[in-house]
Amino acid sequence: MIVSQLILAATLLLGLGFTAVYLFRPAWRQRIEQPKYLLQQQLQQLQQLQQLQHSAKSKTSRQNNPGVGGSHES
Amino acid sequence: MQAQAPVNALLVRAHGLAALLTLLLSVAFGFIVSLQFIWPEFAADLPGWGRLRYAHTQGIMLGWLGNAFLAFLYHAVPILSGRPVTSARLGLWLFALWNCAVMLPGWLLVLAGQSQPLEWAEFPLAVDAVVMIALVLAAVQFLPPFFRHGLENLYVSSWYIIGALVFTLFSYPMGNFVPEFVPGAAGAAFSGLWIHDAVGLFVTPLALAILYYVVPASTGRPIFSHFLSMVGFWGLFFLYPLNGIHHYILSAIPMAAQATAIIASFLLGVIVVIVVSNLILSQRGAGWIPREPALRFASMSVVFYLIVSLQGSVQANMTLNGQVHFTDWVIGHSHLAMLGFATFAAISGLLHAWQKLPEARYDARAIDQSYWLLTLGITVMVVDLTIAGLVQGQLWQSGTPWLESVQASRPYWIIRSAAALPIAAGFILLLTGLTRGPKGAGAGVIGKARKSMLPPAAKPVPALSASPGKALRDSYVVASVAGITFFIVSVSLLGLLPQRMLAEQVASLQPGPLPVLTPAERRGRLIYAREGCAYCHTQQIRFTSADMARFGAPTLAWEGSRDIPHMLGTRRIGPDLSRTAGSRTSQWQLAHLYLPRSVVPQSIMPAYPEFFDGSPLRPLRPATDVLAYLESLGRDRELAWPDAQPAASAELDQWTLMSLEAPVLNAHPGKTRQRGSAVPELPQLPLSDSGRALWQANCSSCHGPEGEGNGQAAAWLQPPPVNLTEHKYHPGLLADILWNGVFSTSMPGWRDRSSEDLASLVAVVRSFSDVEKQSAGASTLAAGERVYRLHCTECHGETGQGDGFAAGSLPIPVPPSDFTRELLSLSESMRILRDGVAGTSMAPWGERLNQDEMRAVSYYLQSLFVGAESGYLQ
């Protein structure tokens, strides 16, 4: 039973610790949230890259096969 | 900002297709298994039910989810880390290893009978070793890209990926290797760790990594809160491993460890609510049923995750667990976890990765249809199994005969199999959607779908500081160390500590060194394990009043202290077998093994005719080995009962005392007991349809539909079932026989039947008989009495009540007939006198008595009968 209480206490401490940092350390809060924006930038970059590749491929396809709209049907 | 790293399209595609193919095969295994619940003889030529079940669960976890997760990792890790994975060549090796050295041999071996009877760990040890190598390779492949940038900017999906790869490596041996060395309940504690870690540290983190990735990638905006996602991450990694023992609540595992798991299960539910809230808020603007397929699957996965997690928290509660554990509720729960939450997340990740493959084919319509079929099928299946579990639990608690719970489950099992059809169709359509259709058609799906979403809020992306503070950087390192500490704590609390406590308990309670199993018993145990018997028959009587009433004294840890690996089991389709030794005759067991429905018409147990040379009368070694093993189950406690005084130093908790002070060690309702043992008073009931139905369902397989002793199993049993048309019984004797069985024969007791049921059966049995007393002359009776006194009294007694001085010490301890309460037709008496009764101590007298003597004694026996109507009750 002591172990169960320790787990309960540890979980509460963990939660409280996270919350305290979030509430009382605005600079940390920004840092903690930062990865989600970084991912967004990565995804946007990827999207742009794919669009570039897509247009380049379509262009090549049109040059090689005039009158055919390419193999992509997106 | 990180650079863009190339995604290895070949490996995404290879693992994706392998995932779908292994998924379809695994579903096929599961579907066959489900049909065998309805038609036990279905596909009897395939490997047995247990082997197919092993292939089903391992296929779903390692084949389907393993490959799907790897496909996603090849797509996501380069984007999340900004670096390519370690090596494309290593990727090819990993692919080959996972599919050609894990899945293929794993399946072939379990289907061929080489397996471990450990849940979610059924592949044999050799394959487990390959899995470990593959897990190391996966860590080498996917972890270094993250560490090249440091931990401080890791997105939550990256944390989950790192956590899953590291902790699966640690936890896999817990369930796959350790129980092969740690016996009994202590081994089960480690098994429990893995059962939950397989879900909590392998499946869930990778599924959540996908959800946290697909949601922002599909909506085009960041998740609601990275802070909440990290609270969830650490909460889950702290609490998941502490849940393990909730698979063995109310078992012999120390209650302190069980309490730990129960508390952790409850707290886990709280953390999951945080995770799910964050994920739902992250989908804002995408609508209740998002248009984009990957997001739609992700969204449904989140819903399934919330339900399954809260269900898990609730069912760890001791009261509810006492009701629903071992029932289909748990099967519904695991299907919701693996086929609902995890599968939908895996499909979401696979679809997203597929959409980004420039040359991949993509059929949006098929995928859309797949979503609806899968959602429908899984919802119906889980709801159906959950209700089935509640029904089974209620019937088990109320003490109704076991087979009634099997019969009551049948409609639910039919619905479960029917629900598998849309699920299978959904998976086929998913495969179609990813292999047919125009090339590169997936690329435009996200863009099109975004047009239907609310536009992202016009909130400027905050400027990112160039360098994190030292304290924050350090905090991540501290957190990483803490993660490993959590795991060590969980292994200590739920594995090592219970092991030590159990060792102490075994030392204080075990009556002495346990005899080792004989070679035949050991071989039988292996067969029992490989055929998956432990997946339907538990070997643990739990500390509940319902279990004690049905099976007897709760199982103590020492009873399994030589069981390596343990076979406690987590599901009961058939009854618990902890105390099966001595509960049935060998012939009954052999007939049951050869063709279960020959002795239990409503049984759904698989038949094992391959263990025999064409008949239960000609068992081959596997049959006698299994029989030997069954006869060893419960033998040690039986020999020790009533339990010897435990060591003086032993501190007995209330649970141990509950077992030691149980009124009955073996409460098996069918076990035969000595005549006269606590027979209930039965009401007098007329012949009824319900009585006839009871007869057909329970008695006809041995005694025949009309009581002529010619049922299917009759020829396999000694003594043979009585031809009831040739016997007339006093109702009191019938009540005794029905309540206690006939000691040492295959006629079981029916103690789980109500008095009304037994009275109905008495009426049926009596209706079969047309035997009447025949009048005989005084000289005939006198001659018969002379013969009787000379040859019969030592067993049947002076007055014919079956209480002769030798009755209690017969070489075959079947009780001699009580002729005062049993009237035999003359022809039946003559036949028995001439031939004897096989399987009893009644010898043939045909060569020692002439016809006249036998006729005379037959008349005399009839004269002893006091009358069937003289007092209904005994």
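Here the structure is a predicted model, which is why all the values come from computation and not from measurement. (Residues numbered from 1 in each chain as written. Chains lettered and ligands numbered in written order. Predicted model: local features only at pLDDT ≥ 70, side-chain atom pairs only at ≥ 80, totals over all residues. Heavy atoms only, no water.)

**Points about the overall build of chain B**
Scanning chain B from terminus to terminus reveals 29 helices and two strands. Seen along its three principal axes, the alpha-carbon backbone of chain B occupies a region of about 120 × 65 × 45 Å. In chain B, which comprises 874 residues, the share counted as buried stands at 62%. For chain B, the proportion of contacts with a sequence separation of at least 24, taken over those separated by at least 6, is 79%. Summed over all atoms, the accessible surface of chain B reaches about 31,800 Å², with 64% contributed by carbon and sulfur. Of the side chains in chain B, 56 bear a positive and 56 a negative charge, and the two mean positions are spaced by 15 Å. (Helix = DSSP H or I, 4+ residues; strand = E, 2+ residues; numbered from the N terminus. Buried < 20%, exposed > 50% of the residue type's maximum accessible area, 1.4 Å probe, protein only. Contact = heavy atoms within 4.5 Å. Areas by Shrake-Rupley, 256 points an atom, 1.4 Å probe, with all protein chains shown as cover. Lys, Arg positive; Asp, Glu negative; His and termini not counted. Charge placed at Lys NZ, Arg CZ, Asp CG, Glu CD.)

**A closer look at the overall build of chain A**
Looking only at helices and strands, chain A has two helices and zero strands in total. Surface summary for chain A: the accessible area is close to 4,800 Å², and the carbon and sulfur share equals 63%.

**Details of the packing of helix α6 (residues 184–219) of chain B against helix α9 (residues 293–315) of chain B**
All names here are of chain B. For the pair α6 and α9, interaxial distance at closest approach is 9 Å and the crossing angle is 135°. On the basis of their axis angle, the class for α6 and α9 is oblique. Crossing hand, α6 versus α9: left-handed. On α9, the residues that touch Thr-204, Leu-208, Leu-211, Val-214, Val-215, Ser-218 and Thr-219 of α6 are Ala-294, Leu-295, Ala-298, Ser-301, Val-302 and Tyr-305. In terms of residue class, the contact of α6 with α9 is made up of nine nonpolar, four polar and no charged. (Axes fitted to C-alpha atoms, helices over the stretch in contact; angles between N-to-C directions. Parallel < 35°, antiparallel > 145°, perpendicular 65-115°, else oblique. Left-handed = near helix turned anticlockwise from the far one by under 90°. Nonpolar A, V, L, I, M, F, W, Y, C, P; charged D, E, K, R; others polar.)

**Considering helix α19 (residues 621–630) of chain B**
Residue and element names in this part refer to chain B. The buried fraction of α19 amounts to seven of the ten residues, a majority that puts the element mostly inside the structure. Along α19, the residues that are buried comprise Ala-623, Asp-625, Val-626, Leu-627, Ala-628, Tyr-629 and Leu-630. Tucked into the core, α19 has its buried residues touching α16 (519–530) and α18 (586–594).

**Quick look at the nonpolar core**
Soluble globular proteins tend to pack their nonpolar side chains together in the buried interior. All names here are of chain B. With 233 residues, the main nonpolar core has Trp-64, Phe-142, Tyr-160, Leu-208, Tyr-213, Leu-236 and Tyr-305 as its most contacted residues. Tallying contributions element by element places α6 first for this core, with 23 residues. If sequence neighbours within four positions are ignored, Tyr-305 has contacts with Thr-204, Leu-208, Leu-236, Tyr-240, Val-272, Val-275, Val-276 and Phe-341. Membership of the second largest hydrophobic core comes to 24 residues, among which are Met-747, Val-764, Val-765 and Val-814. (Core = buried A, V, L, I, M, F, W, Y, C linked by side-chain atoms within 4.5 Å.)

**Things to note about the environment of Ser-829 of chain B**
Residue and element names in this part refer to chain B. Positionally, Ser-829 belongs in helix α28 (residues 826–835). Overall, Ser-829 belongs to the buried group, its relative accessible area being 3%. Along the chain, Ser-829 and His-727 lie 102 residues apart, while their C-alpha atoms are 9.6 Å from each other. When residues no more than four places from it in sequence are discounted, the contact partners of Ser-829 are Leu-824, Ser-858 and Leu-861.

**Points about the packing of helix α26 (residues 778–791) of chain B against helix α29 (residues 851–864) of chain B**
Packed helices, taken two at a time, are described by their axes: the angle between them and the distance between them. All names here are of chain B. Closest axis-to-axis distance for the α26/α29 pair is 7 Å, and the angle between their directions is 95°. One way to sum up the angle between α26 and α29 is to call them roughly perpendicular. Only Glu-853, Ala-856, Val-857, Tyr-859, Tyr-860, Leu-861, Ser-863 and Leu-864 of α29 make contact with α26, whose side of the interface consists of Thr-780, Leu-781, Ala-783, Gly-784, Glu-785, Val-787, Tyr-788 and Arg-789.

**A short note on the environment of Gly-17 of chain A**
Residues and elements named next belong to chain A. One can find Gly-17 in helix α1 (residues 2–24). By relative accessible area, Gly-17 is classed as partly exposed at 33%. The sequence separation of Gly-17 and Gln-42 amounts to 25 residues, and the corresponding C-alpha distance is 30 Å.

**Here we look at the side chain of Ser-225 of chain B**
Here Ser-225 of chain B is to be found in the loop between α6 and α7 (226–239). Accessibility expressed as a relative area gives 5% for Ser-225 of chain B, which makes it buried. Leaving out residues up to four positions away in the same chain, Ser-225 of chain B has contacts with Glu-33 and Lys-36 of chain A together with Asn-278 of chain B.

**Some thoughts on the packing of aromatic side chains**
Residue and element names in this part refer to chain B. Under the counting rule described, the total for this entry stands at 35 aromatic pairs over all chains. Ring geometry for Tyr-594 against Trp-716: centres 5.4 Å apart, planes inclined by 85°, an arrangement best described as edge-to-face. Of this pair, Tyr-594 sits in helix α18 while Trp-716 sits in the loop between α23 (700–703) and β1 (727–729), and the two are 122 residues apart along the sequence. Each member of the pair Tyr-594 and Trp-716 is classed as buried. Relative to Tyr-860, the ring of Tyr-788 has its centre 5.4 Å away and its plane inclined at 50°; by these criteria the two rings are tilted. Here Tyr-788, found in helix α26, pairs with Tyr-860, found in helix α29; they are 72 residues apart in sequence, far enough to count as distant. (Phe/Tyr/Trp six-rings, centres within 6.5 Å; stacked < 30°, edge-to-face > 60°.)

**Focus: the confidence of the model for chain A**
Residues of chain A with pLDDT of at least 70 account for 77%, and the chain-wide mean is 75. In the model, residues 68–74 of chain A has pLDDT below 50 throughout and makes 15 contacts with residues more than four positions away in sequence or in other chains. (pLDDT = per-residue confidence, 0-100.)

**Some words on the pattern of salt bridges**
Inspection of the entire model under this criterion finds 27 salt bridges over all chains. Between Glu-33 of chain A and Lys-36 of chain A there is a salt bridge, with its nearest N and O atoms 3.1 Å apart. In this pair, Glu-33 of chain A and Lys-36 of chain A both sit in helix α2 (residues 26–64), three residues apart, roughly one turn of the helix. Assessed through its relative accessible area of 6%, Lys-36 of chain A is described here as buried. Counted as one network, the salt bridges with shared partners bring together Arg-51, Arg-530 and Glu-531 of chain B. (Salt bridge = Lys/Arg side-chain N within 4 Å of Asp/Glu carboxyl O.)

**Details of α7 of chain B**
Residues and elements named next belong to chain B. Given a rise of 1.5 Å per residue, 14 residues ought to cover 20 Å, and the 20 Å separating the end C-alpha atoms of α7 matches this to within 8%. Across the 14 residues of α7, 13 count as buried, placing the element largely inside the fold. Two to three positions downstream of the cap, the backbone nitrogen of Phe-227 sits 3.2 Å from a side-chain oxygen, assigning the N-cap of α7 to Ser-225. (Expected span 1.5 Å × (residues − 1). Polar contact = N/O pair within 3.5 Å; in protein donor to acceptor, adjacent residues only side chain to side chain.)

**Here we look at the environment of Ala-364 of chain B**
Residue and element names in this part refer to chain B. Here Ala-364 lies in helix α12 (residues 364–398). Taking the relative accessible area as the measure of exposure, Ala-364 reaches 37% and is therefore partly exposed. Linking Ala-364 and Thr-432, residues 68 residues apart in sequence, is a C-alpha distance of 9.9 Å.

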